[in-house]
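Residue-level structural notes
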Amino acid sequence: MLSNESLHSPAFNRSNSQASVDSASMEDFWRETESMKENSMGGQEEQAPAEVKPVDEGELEAEWLQDVGLSTLISGDEEEDGKALLSTLTRTQAAAVKKRYNTYTQTMRKKNKQSVRDVRDIFGVSESPPGDTCDNHTTQEEKELPVVTKTSGSSPGDASLSSPALSDGSQDEGGKFALPRSGSVSILETIPDVPVHSNGSAAPGQPVQNSVSDDDYLERNIPPEAEELSFEVSYSEMVTEAPKRNKFKKSDFKKEDYVFTKTRFGLTEAGDLSAEDMKKIRHLSLIELTAFFDAFGIPLKRNKTEKVKGRDNGIFGVPLTVLLDNDRKKDPGVKVPLVLQKFFEKVEESGLESEGIFRLSGCTAKVKQYREELDTKFNTDKFKWDKMCHREAAVMLKAFFRELPTSLFPVEYIPAFITLMERGPHIKVQFQALHLMVMALPDANRDTAQALMTFFNKVIANESKNRMSIWNISTVMAPNLFFSRSKHSDYEELRLANTAAHIIRLMLNYQKILWKVPCFLISQVRRMNEATMLLKKQLPSVRKLLRRKTIEREVTSPKTSKVLQKSPSLRRMSDVPEGVIRVHAPRLSKVSMAIQLNSQTKAKDILAKFQYENSHGSSECIKIQNQRLYEIGGNIGQHCLDPDAYILDVYHVNPQAEWVIKPQSSF
């Protein structure tokens, strides 16, 4: 559930009780900032940021295009991944990309006075004179291109393939769009103007709004008594497509207003997907985050951040990726720096009930000594942890984050969040923006942030004894997790810290759902993978694949999950009948089993069946408890399935997948 309880957007018109809480929290904030300024943790020289050269808007947009995986638009190289990404964008996402690319090209033309490809060359916007038709510019080769057919009633991630393509690559009434031929002048000749419903788009012919106010968004046709938080629909599309009918005030929202329910595909953690697919999720999330703010008319300006060269060794001031590379020499599966995990353990051992655990400064001499020893002895396992008390561990935990080369969370997005929150939208809007920001984080930052928030919730659970409320924790930690080495006035610093603390409170309150990957992003990744496979294959191979996929789609109805009988010719293509999957469990005594699926078969049912078949020995019972069902290959790299996922639905969107039971990876 989403509620406004314990969460208030930054504002100055608070009640007396709320004002007293804010006042106490701000005292913690100023105490923390003063401590940060006066004590550089053991006398280490503060790392000076590299000189920041003035940059123009074109350079910033070029950096954005690179960050979202569209560097091909700048370089002009023909790469399958960039084409595949463009082919899956929703309407609002496409508009965001076009806007940034337009700014980039216009700036480059003014700066270099040289020919730069127009945005219309990339997205296929026709500028033909009246009377000309797209068919006049169509080549025979274009007519033979494969297309991806997307139907509005399909399941998330479902895309059927057919041929031929539209003459100009634009979308027709059936929702088709063309993949570009090899050697094409443009990177991608089109992106669909109206994507499929499962990806969160509007119906064909519905116009796109440039932006929408917060009040407009909150006054949609939504029953005030029970609004569902959905991961199936693009957040930016939700802002622009919902019709404005019944109006109600923001104050009508109560704690019970938002109910989160699982889809038939279950919930997916970031760690449940392969590294390659998560990279695509990050790219899509940044595009979607930009489109989301565009929908509200808020620019997501990313000022050039100060770059600080991190240390190559030691613990403090070392980039998270370097720490993890060193840690993985000891434990290949580690996702959170081992030294940070030790700090958590030391506080949990004896400090969870210690009053003011994160407000106290600890013994300066001991902190300096431990810091020096950690830098030289931790990686060789020679540091003696038993001599460190929880107070010093808490102090060094804050210093660990404060001295990272770049802040754990992207402080450059704070101005956009400030604008959004000062407008006072409901908590759902704020959560959606935060959710996309978290999904766009690098793996090391996201995994570390998740572990940190889990730890802080343990501290807050003991608030009655340690006096560390969610307000205290968020206020004290804000300057350590969102920091900028640029100089700010006291007012600007307080404003930034107030917003950062609010974001941390959002994370702490919605920890259970914040780290789940939205279904609409997974659906886009599936389509990206399918498009990439098509682009990498020669045309004869593509045609063969198209014929096979078309037959498979025709014999399966994803709407009703009804399994139809395969034709004899298609049955020969597979070693198992339609509606039956072969599950492999290489680490169990029963290594393989054919499972007949029905509309109610869940992942946990398959695991239970394997547990029953392997229950002859007690050791096998223990093993199966740590196992999960994985969907591997087809249009996904690897996907650890939610125990409550309905497998027939997953099978329909990825019929080429293999099914494997194996241990789930963890921190």
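In short, a report on the structure. (Residues numbered from 1 in each chain as written. Predicted model: local features only at pLDDT ≥ 70, side-chain atom pairs only at ≥ 80, totals over all residues. Heavy atoms only, no water.)

Here we look at the environment of Leu340
If you trace the backbone, Leu340 turns up in helix H12 (residues 338-350). Of the residues examined, Leu340 reaches a relative accessible area of 0% and is grouped as buried. Taking the C-alpha atoms as reference points, Leu340 and Ala393, 53 residues apart in sequence, are found 9.5 Å from one another. Beyond its immediate sequence surroundings of up to four residues, Leu340 is in contact with Leu397, Phe400, Phe401 and Thr448. (Helix = DSSP H or I, 4+ residues; strand = E, 2+ residues; numbered from the N terminus. Buried < 20%, exposed > 50% of the residue type's maximum accessible area, 1.4 Å probe, protein only. Contact = heavy atoms within 4.5 Å.)

Some thoughts on the nonpolar core
Ranked by size, the top nonpolar core spans 124 residues in total, and within it Phe343, Phe358 and Leu374 carry the most contacts. Listed in part, the 22 residues of the second largest apolar core include Ile581, Ile595, Phe610 and Val650. (Core = buried A, V, L, I, M, F, W, Y, C linked by side-chain atoms within 4.5 Å.)

Quick look at a negative patch on the surface
Residues Asp77, Glu79, Asp81 and Glu276 make up a contiguous surface patch of negative charge. Take Glu276: its relative accessible area is 51%, and that puts it in the exposed class. (Patch = residues over 30% accessible without salt bridge, like charges linked within 9 Å, V, L, I, M, F, W, Y side chains within 5 Å. Areas by Shrake-Rupley, 256 points an atom, 1.4 Å probe, with all protein chains shown as cover. Salt bridge = Lys/Arg side-chain N within 4 Å of Asp/Glu carboxyl O. Lys, Arg positive; Asp, Glu negative; His and termini not counted. Charge placed at Lys NZ, Arg CZ, Asp CG, Glu CD.)

Looking at unusual backbone geometry
We note that Asp381 has phi near 60°; this positive angle belongs to a residue other than glycine. For Asp381, the location among the structural elements is in the loop between helix H13 (364-377) and helix H14 (390-402). One non-glycine residue, Arg467, adopts positive backbone phi at about 60°. Along the chain, the position of Arg467 falls in the loop between helix H18 (463-466) and helix H19 (470-481).

Looking at the sheet that holds strand S12 (residues 658-663)
Spatially, S9-S8-S12-S10-S11 is the arrangement adopted by the five strands of the open sheet, whose pairing is mixed. Bordering the open sheet on either side are strand S9 (592-596) and strand S11 (636-640), each of which pairs with just one other strand. In this sheet, adjacent strand axes meet at a mean angle of 25° when their direction is disregarded. Here strand S10 (residues 627-633) pairs with S11 via four bridges, running antiparallel. Considered in S11, the bridge of Gly633 is made with Ile636. The sheet contacts of helix H22 (residues 519-536) involve S10 and S11, and relative to S11 the element is tilted by about 150°. (Pairing = 2+ DSSP bridges. Axes fitted to C-alpha atoms, helices over the stretch in contact; angles between N-to-C directions.)

A closer look at the pattern of salt bridges
Two side chains carrying opposite charge are able to pair once their charged atoms lie near each other. Scanning the entire structure with this criterion turns up 21 salt bridges. The partner of Lys330 in a salt bridge is Asp381, and the shortest N-O contact between them spans 3.2 Å. Remark: Asp381 occurs in the loop between H13 and H14 and Lys330 occurs in the loop between helix H11 (320-327) and H12; sequence separation between them is 51 residues. You can call Lys330 partly exposed: its relative accessible area is 37%. Exposure remark for Asp381: the relative accessible area of 60% places this residue in the exposed category. For Asp644, the salt bridge is made with Lys602, and the minimal N-O distance between the two is 4.0 Å. Here the residue Asp644 occupies a position in the loop between S11 and helix H27 (647-653), and Lys602 occupies one in the loop between S9 and helix H25 (603-613), the gap between them amounting to 42 residues. Since its relative accessible area comes to 22%, Asp644 is described here as partly exposed. Residue class for Lys602 comes out buried when judged on its relative accessible area of 19%. What emerges from the salt-bridge pattern is a single network uniting Arg282, Asp443, Arg446 and Asp447.

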